[in-house]
Structures are given as structure tokens and as C-alpha cells.
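Structural overview
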Amino acid sequence: MHAWQGPPCPQILTDTANSVAKTHIKSRTQLPQTDNQGFFGIRLESIGGLGAHVAGQILAQAGVLRMGLNGANFSSYGSEKKGSPVKAYVRFCAAEQEVRTSSPVDRPHLVAVFHEGLVRTEPVLWGLLPEGAIIVNSLRSPSQVWDGLGRPAAKVGAVNALAIAVEESSRVNTVMLGAVARASGFIKPEAVKEVIQATLGERYPQLLASNLRAFDRGFQELALEDFSHAAAAVPQNYARHAPPFGYLDAPLGGAVMNPGNTALKDLSVSRNGFLPAFHRERCVDCALCDLVCPDFCFVWAVERKGDGVEAIRLKGIDYQFCKGCLKCIDACPTLALSTEREEEGYAERHSVPLFPHLQGFSQNGERHHH
Ligand code: SF4
Ligand code: SF4
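In this report, we go over the structure that sits alongside the text. These figures come from a predicted structure and were not determined experimentally.

Time to look at the site of ligand 2. Taken together, 13 residues sit near ligand 2, with Cys283, Cys286, Cys289, Cys332 and Ala336 positioned nearest. Of the residues belonging to the shell around ligand 2, the class tally is 11 nonpolar, 1 polar and 1 charged.

And the structure:
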């Protein structure tokens, strides 16, 4: 899509006409790196509800309508619900170049991970170019994030996007937009802020100031380090998984082919940064939490009390199945459940397994080998 010559991509066309776009362009921007097709690629790794799709749109509009680049964006997601993995893709190229691809960005220069839990479940590093950068919404330092990623040859950045979003009454995507602009080395913060102003400011003017502050803080508070010389691993080329069955060879009856999938499925990545903490000393075993929990996360056991009478007692929460809806906290009458900001490793340390005999199996039913 060309900003001022050819037809713009549909998302942008709906927002701003071509002739209007031309008036916003102040100067043309040089891309710091391009792949062998002439593109600078960005992949946003997120879950539904964090606003990655909108962030991709805003980035594309800033680059194309306000920075004199050409480009396109689109997102791919499975079921449209909160918590499902989402990938948003943005590519930029020189203004004169046509965009003749709409495939996913498999060899990105920049990956932004909106939810740190995705590092465990999604191949976030795949295809990252050796000169590329990955930035993660995390409480941790860049070197801790780098360790957790397997020490890839890349620039690694960390920004505490959730804390900033909470403090500024904004959303994670606005903070991550600031961090992406900074890590890219060429996306102008003023261009992105103008798009935020034109879109959000139009619809929700009362939210504009807090979102612009969140953007600025994301830009300023991103900590970025270059590990390309100390790296132990080179990111692998991206390989898309082909589904085992298509519409021609799927078994009749819509059977779920993954044995034990309900018990093995890991929902923890759906949490938005908060989880319920359990305080056994305040619990009266009333089970109101269990009544409201949509995912049967509470683990119970029969225990003999001091007087010899058997009673059912709440042992804790299996965080593998907890999606962080926090309904249980509202239900608890004794404050035995509280909302906590999720820190790396908390869930693993405090989880009480609902199916202890299945521990050590992966989601496809294979046993882990260490
Ligand atoms: S937050 Fe509470 S109610 Fe919601 S899934 Fe987790 S344990 Fe269940
Ligand atoms: S609702 Fe609160 S007091 Fe009742 S069983 Fe659950 S944690 Fe314990």
C-alpha cells in the first residue's frame, strides 16, 4: 500500500483518506535495516484482550500516514476470546516499494511480547533476525529476561508495562507501543502519539491524557541491552505448525484428538498479570470460591481434625488452570483469597496439583524427559 500513490490497505482506508494522509507527512524516514524483500518486520505476541491488534494498526498508521513509509498490518488469532494467543504483524518498506505480500512476518526485526507467560507457551523468538530485538512486558531486568529466553543472539528489552498501565489508568498496549517505538530505532514517538490522538482522542477524549503518559513512560522506561556477542543460542527460523487434520481428513464427530487435553491444558497464560493468593490461616472451608470458579482450580482433601472427625479442607489452587478472572476473591467471605500481582515463579511455587499423577506430562500427552 502506498500512502500517497497507490491504494491504501483497508484498515487505514477506513480511517484516513489518501489525500488527507499526504498532508500529515512531514519528512520521509529511513529504515535502519530491511530483509531481502526490503521490509522491516514487527511481530507483536499477545493474548486476546491486551490490545495488540489495535497497537499494530496504530503503528502502521504512524509509519504510513505520518512518516513517509509504505507498509501494512494485520493480525491472526484463533477463537475471539480473552486469553487466546494473538499475533499482530506490521511491515514497513520504502515509500516507492509496493507491498505485495500479506503473509505473517516470519523473519521479524523486532518482536514485542505483551504477556510474559507467552515465553513459556509460544515460540516467541522464532525467526527473529540475528540483528533483531525482542522486548518483553516484564518486571525483570533485560539480562534475566535474556536468561529465560535461552540466551539468544539479540537485543533484549524489558519494560514493566502492566505496572505503568495500572499507575496511569491506561492499557498494556499503549505502554508497549512506546517501548516498540524506542526499540525500533526509527518509529517517531510524535507520529504514534498523533495517531493515538486522532483515534482514541476522537472516541474517548477523557482517556487521552493518561494514554499519552503511558506511551511516554513505555518509551522512556524500556531497558534495552545488546547480547549479540554473549549469546549461546541463535533464534531458529520460524516454522508454522500444520494442523494434524484438515477438513478433508478430520475424524467424524468432531472428536478432540488430544488425550487428556482438559487435564493437561495450561490456561495460566490467560492471566493478565494478577492471580488469587490463598491464605490458609483465614480459610473456613466454606467452598464459595469453588462455586464461582469457572475452571475448577481449587484442590480439596479429606483430613482428620484434632477431634478425630473427618472434614474436607481446601488445600490450595492449581494455577495451571487458573485464568485470573478473580471471581473467587469477590466470593470469599473471610479474605482468605487476595489479588496479587503475578511475579515470575509464584504460580509454580504455590500451585497445588489437581492431578498429581499427570505431572510431568506435556499437553500432547508425552512424558517430559529431563
Ligand atoms: S481467579 Fe479464582 S475463580 Fe478465576 S479461574 Fe482462578 S481460581 Fe478460578
Ligand atoms: S471462599 Fe474463602 S473461606 Fe471459603 S473455602 Fe474459599 S478460600 Fe476458604
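This brings us to the environment of Leu44. Within the fold, Leu44 resides in strand 1 (residues 40-47). For Leu44, a count of 29 C-beta atoms within 10 Å translates into the label buried. On a C-alpha basis, the gap between Leu44 and Val113 in space is 6.1 Å, while along the polypeptide they are 69 residues apart. Other than its neighbours up to four places away in sequence, Leu44 contacts Ala52, Ala55, Gly56, Lys87, Ala88, Ala112 and Phe114.

A few words now on helix 9 (residues 208-221). Helix length check: helix 9, at 14 residues, gives a terminal C-alpha distance of 20 Å against a target of 20 Å (1.5 Å per residue), a fit within 8%. Taken together, the buried positions of helix 9 are occupied by Asn211, Leu212, Ala214, Phe215, Arg217, Gly218 and Phe219. In the core, the buried residues of helix 9 are packed alongside strand 6 (155-159), helix 6 (161-167), helix 7 (172-184) and helix 8 (189-203).

What the 7 strands build is an open sheet, ordered 2-3-1-4-5-6-7; its pairing is mixed. Two strands bound the open sheet, and with one partner strand each, they are strand 2 (70-77) and strand 7 (223-226). Averaged over all pairs of adjacent strands, the angle between their axes in this sheet comes to 15 degrees, without regard to strand direction. Judged from the 8 bridges that link them, strand 1 and strand 3 (residues 85-93) form a sheet pairing that is antiparallel. Within the sheet, the bridge partner assigned to Gly41 lies in strand 3 and is Arg91. Packing of helix 3 (residues 52-66) onto the sheet brings it into contact with strand 1, strand 2 and strand 3, and relative to strand 2 it is tilted by some 175 degrees.

Positive phi outside glycine occurs at Arg151, with the angle close to 55 degrees. With respect to the helices, strands and loops of the structure, Arg151 is situated in the loop between helix 5 (142-148) and strand 6.

Looking at the element boundaries, Val180 is found in helix 7. Distance in space between the C-alpha atoms of Val180 and Phe215 is 10.0 Å, their sequence separation being 35 residues. If near-sequence neighbours (up to four positions away) are discounted, Val180 is found in contact with Ile42, Leu59, Leu110, Ala112, Ile135 and Ile187.

Criteria and thresholds
Residues numbered from 1 in each chain as written. Chains lettered and ligands numbered in written order. Predicted model: local features only at pLDDT ≥ 70, side-chain atom pairs only at ≥ 80, totals over all residues. Near = placed C-beta within 6 Å. Nonpolar A, V, L, I, M, F, W, Y, C, P; charged D, E, K, R; others polar. Helix = DSSP H or I, 4+ residues; strand = E, 2+ residues; numbered from the N terminus. Buried ≥ 20, exposed ≤ 12 C-beta atoms within 10 Å, placed from the backbone. Contact = placed C-beta atoms within 7 Å. Expected span 1.5 Å × (residues − 1). Pairing = 2+ DSSP bridges. Axes fitted to C-alpha atoms, helices over the stretch in contact; angles between N-to-C directions.

Honestly, that's just the spatial picture; any functional story needs more than this.
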